[in-house]
Amino acid sequence: MWDTLWVDANLATMREGGAPYGAIQRGAVAAKDGRIAWAGYAADLPGHAVDLAREVRRCDNAWITPGLVDCHTHLVFGGDRAREFEMRLEGKSYEEIARAGGGIISTVAATRAASREDLAASAAKRLAGLTRDGVTTVEIKSGYGLDLENEIKMLEAAGELAARGGVRVKRTFLGLHALPPEFKDDRAAYVQLTADVMIPAIAAAGLADAVDAFCENIGFTAEEVDYVFSSAVANGLAVKLHAEQLSNQNGAALAARYKALSADHLEYLDDAGIHAMAQAGTVAVLLPGAFYFLRETQLPPIQKLRAAGVSMAVASDCNPGTSPMTSPLAALNMACTLFRLTPEEALAGMTREGARALGMLDDAGTLDVGNACDLAVWDVKSPAELCYWLGAPLLRERVLAGRVA
Ligand code: DI6
Ligand code: FE
């Protein structure tokens, strides 16, 4: 006997290789003990629905997808950057503002001043935007504390969101996000602190699954990232990288050398980086919200990534500076309109490929038996509608570990 069975539904299983979207029309999904126990054509069910499960949920021909996986966010932070938004509209660039001590560093000040409870409370509001769009797994980065105490505070706030239930959270330590003001005359000391003190402490406390860095002319050099990545690996953490967002720093190739889960942004990625990512199986995480918000004109090399067989994920990059966007479905729309992904690629990017980018493909991202039963049930007539509407309330029901959340 299954716990719950969803019927009168169409499934976008997002399995690779079969029909577009891995579609199964007139399908059914069953949950047992929080996992997918069955998924297929309703006609193949081994009996009458009511005899098979304790609860049968009829879906009026809705589409069911895997719960969305937003694999790159900076959801936890203090304050906001609306004033900086105004400055940019007056003609200042993101880099100019950062070099003048604004940008990320202004969020660091606000984050340091906030309590863990404040941070969890403000992040919970943004998280509500994500879950309203069907997100069941979210990655959350630190990187606005930039010292051990405040980085831990951020990671604990992210942990608190997970503890409240309703969403799975993967946490990433982003020590090399910006140089904190107290180290402005000693970069090497901050890089050392990150690699030799913060990573071992955070890994030992089980506060993060991965380490990320901002490899950029206003961030950190490939050499500095290399040093921090070796500590991550030595401490048993996965790595990923903000690479080639504003300029080409050969970050993606470095990430690939470490078998990184993902390299993210990638507007300035070159052929050597693409090749290295393809060889290493590193996922390209596309962040159209930041591209849009910065009014970037250099597109990530989508066609070349496709041709090289690099997996492409799509994420919101929700953050106060470059992507103050709490709608993953809006990111799907932007991935299609701005980056010319097909709706199927975009949706795969926020399900299967998002899960791959978090190293969770065994558990999430497709409607495969044995995966966690995390579902999004949508009032749409085709999966493409999820990428087509902008701001429409499409979610009918969200399911986490087999329970309607
Ligand atoms: N790249 C980004 O787009 C965000 N972080 C990063 O490394 C921006 C973060 C911010 O401006 O607060
Ligand atoms: Fe980011």
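Before any of the text, the structure's been laid out above.
A. Seen up close, the side chain of T137. Within the fold, T137 resides in strand β6 (residues 135-141). Among residues more than four places away in sequence, those in contact with T137 are L68, V69, D70, V167, R168, L358, M360 and D374.

B. The coordination of the iron ion (ligand 2), seen in detail. Within the first shell, the iron ion (ligand 2) binds the protein through H72 (NE2), H74 (NE2), H242 (NE2) and D317 (OD), at distances of 2.1 to 2.4 Å. Classification of the site at the iron ion (ligand 2) rests on its four donor atoms, whose angles at the metal span 80 to 167°, yielding the label irregular. All donors of the iron ion (ligand 2) come from a single chain, and their spacing in sequence reads H-x1-H-x167-H-x74-D. Judged by relative accessible area, H72 falls into the buried class, the value being 0%.

C. A look at the site of ligand 1. The environment of ligand 1 is made up of 14 residues, and the closest members are R81, Y94, Y144, H177 and T322. At a separation of 2.6 Å, an oxygen atom of ligand 1 approaches a polar side-chain atom of Y144. Taking T322, its side chain carries an N or O atom lying 2.7 Å from an oxygen atom of ligand 1. Notes on ligand 1: free accessible area 320 Å², of which the protein chains cover 100%. When its residues are assigned to classes, the shell around ligand 1 shows four nonpolar, eight polar and two charged.

D. Layout of the sheet that holds strand β13 (residues 375-378). Strands sit in the order β3-β2-β1-β4-β13-β14-β15 across an open sheet of seven strands; the sheet is mixed. Edge positions in the sheet fall to β3 (35-41) and β15 (403-404), since each of these pairs with one other strand and no more. The pairing of strand β2 (residues 23-32) with β3 spans six bridges and is antiparallel. Looking across to β3, one finds that V29 is bridged to A39.

E. Examining the pairing of β13 more closely. Burial of β13 is two-sided: the residues L375 and V377 facing one way and the residues A376 and W378 facing the other way are all buried. Where strand β4 (residues 53-66) and β13 come together, four bridges link them in antiparallel fashion. Residue pairing for β13: I64 is matched across the bridge by V377. When β13 meets strand β14 (residues 395-400), the two strands line up antiparallel, connected through four bridges. By the bridge assignment for β14, W378 is matched with L395.

Conventions and cut-offs
Residues numbered from 1 in each chain as written. Chains lettered and ligands numbered in written order. Predicted model: local features only at pLDDT ≥ 70, side-chain atom pairs only at ≥ 80, totals over all residues. Heavy atoms only, no water. Helix = DSSP H or I, 4+ residues; strand = E, 2+ residues; numbered from the N terminus. Contact = heavy atoms within 4.5 Å. Donors = N, O, S within 2.8 Å, 3.2 Å for Na, K, Ca; no water. Tetrahedral: all angles 85-135°; square planar, octahedral: opposite > 155°, others 65-115°. Buried < 20%, exposed > 50% of the residue type's maximum accessible area, 1.4 Å probe, protein only. Near = heavy atom within 4 Å. Polar contact = N/O pair within 3.5 Å; in protein donor to acceptor, adjacent residues only side chain to side chain. Areas by Shrake-Rupley, 256 points an atom, 1.4 Å probe, with all protein chains shown as cover. Nonpolar A, V, L, I, M, F, W, Y, C, P; charged D, E, K, R; others polar. Pairing = 2+ DSSP bridges.

Such coordinate-based values are descriptive only and should not be taken to indicate function.
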